Amino acid sequence: MGLGTFGVWTFDFESQSAAVVRDSVQELEDLGWRAVWVPEVGGREAFSLAGYLLSATRRMAVANGIAQIWSRDAAAARGASLLLADAYPGRHVLGLGFGGKPRPGVKPLAAMAEYLDALDPADGVRRILAAYGPKMLELSRDRTHGAHTYHVNVAHTAQAREVLGPDAFLGVEHAVLFETDPERARAVAREHLAPYLATPYNLAKFRRLGYTEDDVTGGGSDRLVDDLVFWGDLDTVVDKLRAHVEVGADHVGVQVIGVPAGETAMPHWRALAEALLPAA
C-alpha cells in the first residue's frame, strides 16, 4: 500500500483549526511519516478532511480509519473516493467501517457486504475494511485490499494474518502513552479505554480475544490495559509496537494518548519518527 511500516493515527485533526491541521500534517510529512490515519467520530466529515490533508501535503498517504458507512450512501462514497484517487494517485486509502451507535437488528457483516455491492465498481480506489472477527476479515480479504484493526492485542494481529493470508494488507492501530509510572499510566489508559468498554461491539471483540468478564469490567484489568495501550519510555513503547510487525502487520498506525487538553502530540511524533522511521 506504500504507507511505510509505521504511521500516525490521530483524533487531533477532528477538532483543531484548519491552520493548525495544515501546519501539523506538513511537519509530520517533513519528519518522514508516510501515512496519517484519521477517524470519523462526529468531528469532521471523512472525505473532506482526507481531501484537505492530501491538498496540504506532497507525498503523504491519507487513510480514513474509518469512514462510517452510515454517514453517506454508497453512491456518495464512490464519487468522493474516485475524485480523491484521480486527484492524488496512490495517496488515499478508504477505510470503511460499520461504526457509530449500535443498530438493533442490523448485522454488520450483511450491512457491509450490501454497501460494497452498491459501491462497486470503483476503479483506482484503494479500500480496506475495519475488521476483527474472522468473517469480516474474510470479507475484507475477498472484496477489498485488506483490513484495518483498532484496539487489538498482538495475538489478534497474528490471528488476523492467518485469516487474511499472505497478500492482503493488514493495518493495525495501537495506542501509546509516554508515562513510566504504572499507576499513572494505567489511570490514563483506563480513561482512554472507558468508551470502548461500554459498547457491545468492542466488548464482543475483547471477549473473542480471550479476555474474561473480570478483564472488561471495573475499568479494565491491568492485563487488558497493558495489552491495548503500550506505555513506558520511548524504547519500551517502540519495542512493543514492533511486535505487531513481527507477527504479520504490514503497517502500524500509532495513536499517542495522554496529551493534556490544548497541547499537541507533536513532540512525541518527533521522537517516534526518530526511533521508528529509519527502520520502516
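Before reading further, recall that the structure is shown in the block above.
Since the model is a prediction, treat every value here as computed from it, not as a measurement.

**Re the nonpolar core**
One finds W33, L96 and W269 to be the most contacted residues of the largest nonpolar core, which totals 62 residues. Leave out the neighbours within four places in its chain, and W33 touches F6, G7, V8, L28, M60, W269, L272, A273, L276 and L277. Residues L3, W9, L177 and L228 belong to the second largest nonpolar core, which totals 28 residues.

**Topic: the packing of helix α5 (residues 134-143) against helix α6 (residues 154-164)**
Put simply, α5 and α6 touch, their axes get as near as 9 Å, and they point 50° apart. Classed by the angle they form, the pair α5 and α6 counts as oblique. Remark: the crossing between α5 and α6 carries right-handed chirality. Mapping the contact onto sequence places P134, L137, E138, S140 and R141 in α5 and A160, V163 and L164 in α6.

**Overview of the layout of surface pockets**
The calculated volume of the largest pocket comes to roughly 990 Å³. Counting only elements with at least two residues in the lining of the largest pocket, the list comes to α4 (108-119), α5 and α8 (200-208). Considering every element that reaches the lining of the largest pocket, the biggest residue donor is α8, with 4 residues. Broken down by class, the residue content of the lining of the largest pocket amounts to 19 nonpolar, 9 polar and 5 charged. In this structure, the second largest pocket spans a volume of roughly 430 Å³. If you list the elements that add at least two residues to the lining of the second largest pocket, you get α7 (182-193) and β10 (251-256). If one sorts the elements of the lining of the second largest pocket by residue count, α7 sits on top with 3 residues. Class assignment of the residues belonging to the lining of the second largest pocket gives a composition of 10 nonpolar, 7 polar and 3 charged.

**What to know about the packing of helix α3 (residues 74-87) against α4**
Contact geometry of α3 with α4 gives a least axis separation of 8 Å together with a crossing angle of 55°. Taken as axis vectors, α3 and α4 run oblique relative to one another. Remark: the crossing between α3 and α4 carries right-handed chirality. On α4, the residues touching A74, A77 and R78 of α3 are Y115, A118 and L119. Class assignment for the residues of the contact of α3 with α4 results in 5 nonpolar, no polar and 1 charged.

**Quick word on the environment of V259**
Residue position: V259 is located in the loop between β10 and α12 (266-276). A relative accessible area of 26% means that V259 is categorised as partly exposed. Measuring from C-alpha to C-alpha, the distance between V259 and V93 comes to 27 Å, with 166 residues separating the pair along the chain. Setting aside residues up to four positions removed in sequence, V259 forms contacts with T264, A265 and H268.

The rules behind these values
- Residues numbered from 1 in each chain as written.
- Predicted model: local features only at pLDDT ≥ 70, side-chain atom pairs only at ≥ 80, totals over all residues.
- Heavy atoms only, no water.
- Core = buried A, V, L, I, M, F, W, Y, C linked by side-chain atoms within 4.5 Å.
- Buried < 20%, exposed > 50% of the residue type's maximum accessible area, 1.4 Å probe, protein only.
- Contact = heavy atoms within 4.5 Å.
- Axes fitted to C-alpha atoms, helices over the stretch in contact; angles between N-to-C directions.
- Helix = DSSP H or I, 4+ residues; strand = E, 2+ residues; numbered from the N terminus.
- Parallel < 35°, antiparallel > 145°, perpendicular 65-115°, else oblique.
- Left-handed = near helix turned anticlockwise from the far one by under 90°.
- 1 Å grid on protein atoms, 1.4 Å probe; cavity = no way out; pocket = protein on both sides within 12 Å on 5 of 7 lines; lining within 4 Å.
- Points joined across faces, edges and corners; volume = space filled by probe spheres on them.
- Nonpolar A, V, L, I, M, F, W, Y, C, P; charged D, E, K, R; others polar.

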